[in-house]
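Chain residues, written in single-letter form:
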Amino acid sequence: MAGGFLLEIRRGTQSALLVIREADPPSSPLDVWVAADRVEARGGGSCQAAALPAGVSLAPSSCRGLRRLPGDGLHLRMRLRRPPPSADLVFTLRESLKPQKNYVFYCQSCGDIIVKDRKFLRVLPLPSENWSALVEEWCCHPNPFARSTLHPQHGDCFLGDTFFLLNSGNESHVPESPMCCSETGHHTSQNGSNLKSKENTRVICKRCKTMLGETVSSGTIKYYVTEVIIRPSEGSFSPTQRSQFLQSMVAQCLVELSSAKTTFRFTVKGDNGKIYILIWLLNSDTLLVESLGSSSSHSVFTLFGDIFMPSSGPVGTWNAVKVLYQPCIKSRNKDLADAWENDIGVHPLKFPAETCLELLLILGLSTTSLPPSLRCMNSFQMRIWTCDCVSRQLT
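Residues numbered from 1 in each chain as written. Predicted model: local features only at pLDDT ≥ 70, side-chain atom pairs only at ≥ 80, totals over all residues. Heavy atoms only, no water.

Enquirer: Break down the nonpolar core for me, with residues and values.
Expert: Of all hydrophobic cores here, the largest spans 25 residues; its most connected members are Leu-254, Ile-277, Ile-279, Val-321, Leu-359 and Trp-385. Once you skip the residues sitting within four places of it in the chain, Leu-254 turns out to touch Phe-266, Ile-279, Leu-281, Val-323, Leu-349 and Trp-385. Residues Tyr-103, Phe-105, Val-228 and Ile-230 belong to the second largest nonpolar core, which totals 24 residues. (Core = buried A, V, L, I, M, F, W, Y, C linked by side-chain atoms within 4.5 Å. Buried < 20%, exposed > 50% of the residue type's maximum accessible area, 1.4 Å probe, protein only. Contact = heavy atoms within 4.5 Å.)

Here you go:
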């Protein structure tokens, strides 16, 4: 009997892939009925049906390529009668943080207040990660910015790709005697003593002891976007499941950078300088529709599991991105990682080492929830990430 369905819609090509899951080996023929706004699977004297969300309209006459794959179920490709509403997946911190407004920063893990009622006079984007190297390439004389650092003054917020810099002021989370290092987030030059004192620069949540960021100078703190939630002072705080927030935030970083820099390959590096994951962004125009089907089918793969599936209602819908990835821990894929690190077309994303391991675990667990035929491409493993929760978190 059918155990629900997965519908992967591509807005750009106005096409869709429908996977009818099979909870058990079929004991009788299974009939699939596709209407413009509805999908049904009939067999064994029963019928599983699900209405598609508003705005999703299929063209039944375009159905083709029906086939059954063991372990997957039935695969069917079709065209859309009309494309679903477009989704603005590119959402940046600089669009959320506005000057002359008060904000509260919370620890994403436990909800403890990190920065209270901070008003920014300026919210400015930082230059790209390799800005100093680019200056050296373009200047015919010694780099005039070689000894310059980009540190925010009081009332400033500087935004990087995966972090933001604040003037520490009287923040209580700054270590009592921080060891100043020369890392500015965009131009790093660390010697052995700086690496040895790395632990002294970590900014830790007092309640749950999670690493939130690090001090980059005596007056500057770097907070990672994966570790904090920002709310207007007049707003309210509601906790978000950690894995949901983490993958959504990273997905938004990938979409934003691919749009701004026309780059689709990324290395995920820890604050210790190690590469943990290689990520290749395939597309960011995906709309996913998933139905679990009957309760007896819950043992089969589900794309987002209990984290994303609604507790009531048979169908969930998400804007998503599709990525390929390779793990790089324990010297796995070392040659490929070295090649990517030296490739100017690959963009590095830096997070706390603990967060990189969390992300790798999420990737591994969620890859196994995909239909087996969709889990790999060449030597890479495949993953679909939802993007929906970020805009709700930061607005």
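Enquirer: An account of the sheet that holds strand 12 (residues 163–167) is requested, with residue identities and associated values reported.
Expert: Within the open sheet, the six strands sit side by side as 10-11-12-15-14-13. Their pairing is mixed. Sheet topology places strand 10 (122–125) and strand 13 (202–204) at the edges, where each strand pairs with a single neighbour. When strand polarity is set aside, the average angle formed by the axes of neighbouring strands in this sheet is 25 degrees. Pairing analysis gives four bridges linking strand 14 (residues 211–217) to strand 15 (residues 220–224), with the strands arranged antiparallel. By the bridge assignment for strand 15, Gly-213 is matched with Tyr-223. (Pairing = 2+ DSSP bridges. Helix = DSSP H or I, 4+ residues; strand = E, 2+ residues; numbered from the N terminus. Axes fitted to C-alpha atoms, helices over the stretch in contact; angles between N-to-C directions.)

Enquirer: Could you give an account of the side chain of Glu-227, with specific residues and numbers?
Expert: With respect to the helices and strands, the residue Glu-227 is situated in the loop between strand 15 and strand 16 (228–232). Only 3.2 Å separates the side chain of Glu-227 from the side chain of Arg-242, close enough to count as a polar contact. There is a polar contact of 2.5 Å between the side chain of Glu-227 and the side chain of Thr-355. Glu-227 has contacts with Tyr-106, Cys-107, Gln-108, Thr-210, Met-211, Leu-212, Arg-242, Pro-352 and Thr-355, leaving out every residue within four places of it along the chain. (Polar contact = N/O pair within 3.5 Å; in protein donor to acceptor, adjacent residues only side chain to side chain.)

Enquirer: Go over the packing of aromatic side chains, please, and point to the residues and values.
Expert: The geometry of an aromatic ring pair is captured by the separation of the ring centres together with the interplanar angle, meaning the angle of the planes. Tallied over the entire structure, the rule returns eight aromatic pairs. On the numbers, 6.2 Å between centres and 55 degrees between planes, the contact of Phe-105 with Phe-120 is tilted. On the criterion of sequence distance, the pair formed by Phe-105 in strand 8 (residues 102–107) and Phe-120 in the loop between strand 9 (113–119) and strand 10 is long-range, its members being 15 residues apart. Its relative accessible area of 0% is what places Phe-105 among the buried residues. Given a relative accessible area of 0%, Phe-120 falls into the buried group. An angle of 25 degrees between the planes, with centres 6.1 Å apart, marks the rings of Trp-340 and Phe-380 as stacked. Of the two residues, Trp-340 is situated in helix 6 (residues 334–341) and Phe-380 in strand 22 (residues 380–386); the sequence distance between them amounts to 40 residues. Residue Trp-340 shares its accessibility class with Phe-380, and that shared class is buried. Cluster of aromatic residues (ring-pair linked, three or more members): Tyr-103, Phe-105, Phe-120, Phe-164 and Tyr-223. (Phe/Tyr/Trp six-rings, centres within 6.5 Å; stacked < 30°, edge-to-face > 60°.)

Enquirer: Before we move on, could you go through the environment of Thr-317 and cite the residues and values that matter?
Expert: Note on placement: Thr-317 falls in strand 19 (residues 315–327). Assessed through its relative accessible area of 33%, Thr-317 is described here as partly exposed. It is 9.1 Å that separates the C-alpha atoms of Thr-317 and Ser-291, two residues lying 26 residues apart in sequence.

Enquirer: Help me get a handle on a positive patch on the surface, residues and values and all.
Expert: A grouping of Arg-64, Arg-67, Arg-77 and Arg-79 is seen on the molecular surface, where their side chains present a positively charged patch. Counting residues per element, the ones that place at least two in the positive patch are strand 6 (57–69) and strand 7 (73–82). For Arg-64, the position within the fold is in strand 6. (Patch = residues over 30% accessible without salt bridge, like charges linked within 9 Å, V, L, I, M, F, W, Y side chains within 5 Å. Areas by Shrake-Rupley, 256 points an atom, 1.4 Å probe, with all protein chains shown as cover. Salt bridge = Lys/Arg side-chain N within 4 Å of Asp/Glu carboxyl O. Lys, Arg positive; Asp, Glu negative; His and termini not counted. Charge placed at Lys NZ, Arg CZ, Asp CG, Glu CD.)

Enquirer: Go over unusual backbone geometry with me, naming the residues and quoting the values.
Expert: Despite not being glycine, Gln-14 shows a phi value in the positive range, around 55 degrees. Position of Gln-14 among the secondary structure elements: in the loop between strand 1 (2–10) and strand 2 (15–22). Residue classification places Gln-14 among the partly exposed positions, given a relative accessible area of 30%.

Enquirer: A description of the sheet that holds strand 16 should follow, citing residues and the corresponding values.
Expert: Read across the sheet, three strands follow the order 9-8-16 without closing on themselves; strand pairing throughout is antiparallel. Sheet topology places strand 9 and strand 16 at the edges, where each strand pairs with a single neighbour. When the angles between neighbouring strand axes are averaged without regard to direction, this sheet yields 20 degrees. In the sheet, strand 8 pairs with strand 16 via five bridges, with the strands oriented antiparallel. Residue Tyr-103 lies in a different strand from strand 16, and its bridge partner there is Pro-232.

Enquirer: Which residues make up the environment of Glu-227, and what values go with them?
Expert: Owing to a relative accessible area of 1%, Glu-227 belongs among the buried residues under this scheme. Placed 120 residues apart in sequence, Glu-227 and Cys-107 show a C-alpha to C-alpha distance of 6.3 Å. Within the structure, Glu-227 has its side chain in polar contact with the side chain of Thr-226 (distance 2.6 Å).

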